[in-house]
Amino acid sequence: MVQTIDAAVFQRMMIHAHAAINAQKQPINDLNVFPVPDGDTGTNMTLTIGAAAAEMRKKHYDAVGQAAAGTASALLRGARGNSGVILSLLFRGFSKAIKDKETMDGRDLAIALDFGVAAAYKAVMKPAEGTILTVSRLAAARAAGQAREDSSFEGVLEAAIQEGQEALAHTIDQNPVLKKAGVVDAGGKGFLVILQGMLDEVRGLPMPETGEDGAAPADKADFEAVNVEDITFAFDTVFIVRKARENVDLEPFRSYLNSIGDSLVIGEDDEAFKVHVHTNTPGSALNEAQKYGTLELAKIENMRTQAEDLAAGKHVQSTDDLEAVEAELERAPAASAHAAPEKKFGYVAVCAGSGLEAVFKDLGVDGLVGGGQTMNPSTQDILKAIDATPAEIVYVLPNNKNIIMAAEQTIPLCEDKKVVVLPTKTVPQGISAMLAADPDADEADNTAGMTEGFSNVRTSEITYAARDSDFDGFAIHQGDYLALVEHQLFGTDQDLSAMLDRLARSDGHQSAEFISIFYGEDVTQEQAQEAEQIFAAACPNAEITLLAGGQPVYYFMISAE
């Protein structure tokens, strides 16, 4: 049994933990019982701990307490979704317990786990049983008992995982929704996968062999076997793109890349795809890729110059050398994106879609953060927008219930600006809050007015089923249209017009005075006008407004006041 660990082992544990949950990301996503396309638990936890793994790869720490503090800081800024925020809180408390430790044994681990649980429970307003909180609490309690008998780090971590697995199995009975679906809690599962990855590193087991995007990594060019005159396409180009939506057809993109290069390999999963291609025009490849999603990472190497350097006996430069350049840049004074206060109130909103962005801009929003259902922004993403807002008090509109916690984590991180997070759960709520903003009011009155403004909004949404499900009495099939009212399932249908008509005739819309319909990027002008006509016919007493939202995934967002 390994008795103690040092900083280097802890750093490797975090890297291994990220690889472990990355490999199981989709199975964890599949535990989410609500069938709408969403920023699922596995994705959010993987991206969150990925921030810590990246930090552990970049830096060297002399003490385990320092490494834990670096992990907690990276997790806090990289936290995405509620599950990611809770994970960051668990490690924040963990790091505080061992802040002065050079090494860590089983007793230290037990105390750190207990501190982590306390921090997470303290931050969650209404802790629910049958969640990651339950699993982490019982795992920590077992760790404490084990530490009294055996102080080895490995033994205590193993005992914590074993107890956590039993607690996870019981989450089915603690949560009625999980029980009906017959699945365990996704957050609790993700937490145990992370702990198991940490234990596997202590035991010297190999990390799962997957790329950062979960796809098999593309082969690296073998320059020693290549002559300069044999290189038709000079640039070895690798990049990762986050898909704009599920079921993206990549065949047209594949054909395009084959027309400008060779050695093409495309690997994909539900969220992203990774491309490896040799081409003379890497910029063209990257530009074309952005038609299918958001570019996240790119690596371009000139194989001709590398082959020439190799033939001349010189050092062959690659993108690996960028780490040395980055280290130099970190030591140099960095240009600040911080904006000094120039006015009293500023506003930051989270949304996706060019039309919705334009609406928020017209209403006076200073900073926009890309994100929503399928991709929750991190705390750091929101913090950057706050820093760039030239105001003394910055209001943040998360516009999604799964982003509120990440937004709230920015409050203690801002030193010279006051951050007020309004818990808007939908984009229409955020728009109504901005309509009620008053630049001449004091903070209390402005906050009260905006809160009242969004509280009077009833939001309905139409999207599609991302998976088959038996949920809340509905037999749902993948691809069905889903109507949600205040995030609760209203109904399903295979006919979009019929779904819109049923929604328009519901009580909430029949009593509304104002109805705004925001249509998404996958909706044609004809479909949008038909939706407007359906609501006008069903709600003759309401003023109907049709707007191009351009949002992904959600065909329609409908606000009623």
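Residues numbered from 1 in each chain as written. Predicted model: local features only at pLDDT ≥ 70, side-chain atom pairs only at ≥ 80, totals over all residues. Heavy atoms only, no water.

*Asks:* Honestly, the sheet that holds strand β7 (residues 343–351) in this entry has me stumped. Any pointers?
*Replies:* In a beta sheet, neighbouring strands are held together by backbone hydrogen bonds and run either parallel or antiparallel to one another. In space, the 4 strands of this open sheet follow the order β8-β7-β9-β10, with parallel pairing throughout. The sheet is open, and its two borders are formed by β8 (367–370) and β10 (418–421), each paired with just one other strand. Averaged over all pairs of adjacent strands, the angle between strand axes in this sheet comes to 20 degrees, irrespective of strand direction. Sheet topology places β7 next to strand β9 (residues 391–397); 6 bridges connect them, and they run parallel. From the neighbouring strand, Lys-343 faces β9, where its bridge partner is Ala-391. Sheet strands in contact with helix α15 (residues 354–362) are β7, β8 and β9, and its direction is about 170 degrees off that of β7. (Pairing = 2+ DSSP bridges. Helix = DSSP H or I, 4+ residues; strand = E, 2+ residues; numbered from the N terminus. Axes fitted to C-alpha atoms, helices over the stretch in contact; angles between N-to-C directions. Contact = heavy atoms within 4.5 Å.)

*Asks:* Which parts of the structure should I look at to understand the nonpolar core?
*Replies:* The tendency in soluble globular proteins is for nonpolar side chains to be buried as a group. Counting residues in each nonpolar core, the largest one holds 68 residues, and the members touching the most others are Ile-5, Met-104, Ile-194 and Met-198. Not counting the four nearest positions on each side in its chain, Met-104 is found in contact with Gln-3, Thr-4, Ile-5, Val-64, Phe-94, Ile-98, Leu-109, Ala-112 and Phe-153. Within the second largest apolar cluster, 53 residues are counted, among which are Ala-349, Met-450, Val-485 and Met-557. (Core = buried A, V, L, I, M, F, W, Y, C linked by side-chain atoms within 4.5 Å. Buried < 20%, exposed > 50% of the residue type's maximum accessible area, 1.4 Å probe, protein only.)

*Asks:* Mind showing me how you'd approach the pattern of salt bridges here?
*Replies:* Where charged atoms from two side chains of opposite charge approach closely, those side chains can pair. This structure, assessed with the given rule, holds 14 salt bridges. For Arg-80, the salt bridge identified is with Asp-381, shortest N-O distance 3.9 Å. Linking Arg-80 in the loop between α4 (64–78) and α5 (81–97) with Asp-381 in helix α16 (residues 379–387), this pair joins segments that are 301 residues apart in sequence. Relative accessible area serves as the criterion here: at 18%, Arg-80 is assigned to the buried category. On the accessibility criterion, Asp-381 (29% relative accessible area) is partly exposed. The partner of Lys-291 in a salt bridge is Glu-288, with the nearest N and O atoms 3.2 Å apart. Of the residues examined, Lys-291 reaches a relative accessible area of 61% and is grouped as exposed. (Salt bridge = Lys/Arg side-chain N within 4 Å of Asp/Glu carboxyl O.)

*Asks:* Help me understand the packing of aromatic side chains in this model?
*Replies:* The description of an aromatic ring pair rests on the distance of the ring centres and on the angle between the ring planes. The full count for this structure, using the stated rule, is 9 aromatic pairs. Ring geometry for Phe-253 versus Phe-273: centroids 6.0 Å apart, planes at 65 degrees, classification edge-to-face. Note that Phe-253 is positioned in helix α11 (residues 251–260) and Phe-273 in strand β5 (residues 272–279), a separation of 20 residues in sequence. Judged on exposure class, the residue Phe-253 and its partner Phe-273 are both buried. Considering the side-chain rings of Tyr-464 and Tyr-555, the 6.2 Å spacing of their centres and the 50 degrees angle between planes classify their relative orientation as tilted. Of the two residues, Tyr-464 is situated in strand β11 (residues 458–464) and Tyr-555 in the loop between β17 (543–548) and β18 (556–560); the sequence distance between them amounts to 91 residues. Comparing Tyr-464 with Tyr-555 shows no difference in burial state: the two are buried. An aromatic cluster is built from Phe-239, Phe-253, Phe-273 and Tyr-292, whose rings are joined through pairwise contacts. (Phe/Tyr/Trp six-rings, centres within 6.5 Å; stacked < 30°, edge-to-face > 60°.)

*Asks:* What exactly am I supposed to notice about helix α18 (residues 427–435) here?
*Replies:* Most of α18 sits out of view: 8 of its 9 residues are buried. Those residues of α18 lying buried are Val-427, Pro-428, Gln-429, Gly-430, Ile-431, Ser-432, Ala-433 and Met-434.

*Asks:* Explanation requested: the sheet that holds β11 in the structure shown.
*Replies:* Across the sheet, 6 strands lie side by side as β15-β14-β11-β18-β16-β17; this open sheet has mixed pairing. Looking along the sheet, the strands with just one partner apiece sit at the ends: β15 (488–493) and β17. Each adjacent strand pair in this sheet contributes to an overall mean axis angle of 20 degrees, direction not counted. Against the sheet, α18 engages β11, β16 (514–519) and β18, with an angle of about 45 degrees to β18.

*Asks:* Looking at this structure, how should I read the packing of α18 against helix α19 (residues 443–455)?
*Replies:* The description of two packed helices rests on the angle between their axes and on the distance between the axes. Running from N to C, α18 and α19 cross one another at 140 degrees; their axes reach a closest spacing of 7 Å. In this view, α18 runs oblique relative to α19, as classed from their interaxial angle. In this structure, α18 crosses over α19, and the sense of that crossing is right-handed. Here Gln-429, Ser-432, Ala-433 and Met-434 of α18 come into contact with α19, specifically with Met-450, Gly-453 and Phe-454. When grouped by side-chain class, the residues that make up the contact of α18 with α19 number 4 nonpolar, 3 polar and no charged. (Parallel < 35°, antiparallel > 145°, perpendicular 65-115°, else oblique. Left-handed = near helix turned anticlockwise from the far one by under 90°. Nonpolar A, V, L, I, M, F, W, Y, C, P; charged D, E, K, R; others polar.)

Keep in mind these numbers describe shape, not what the thing actually does.
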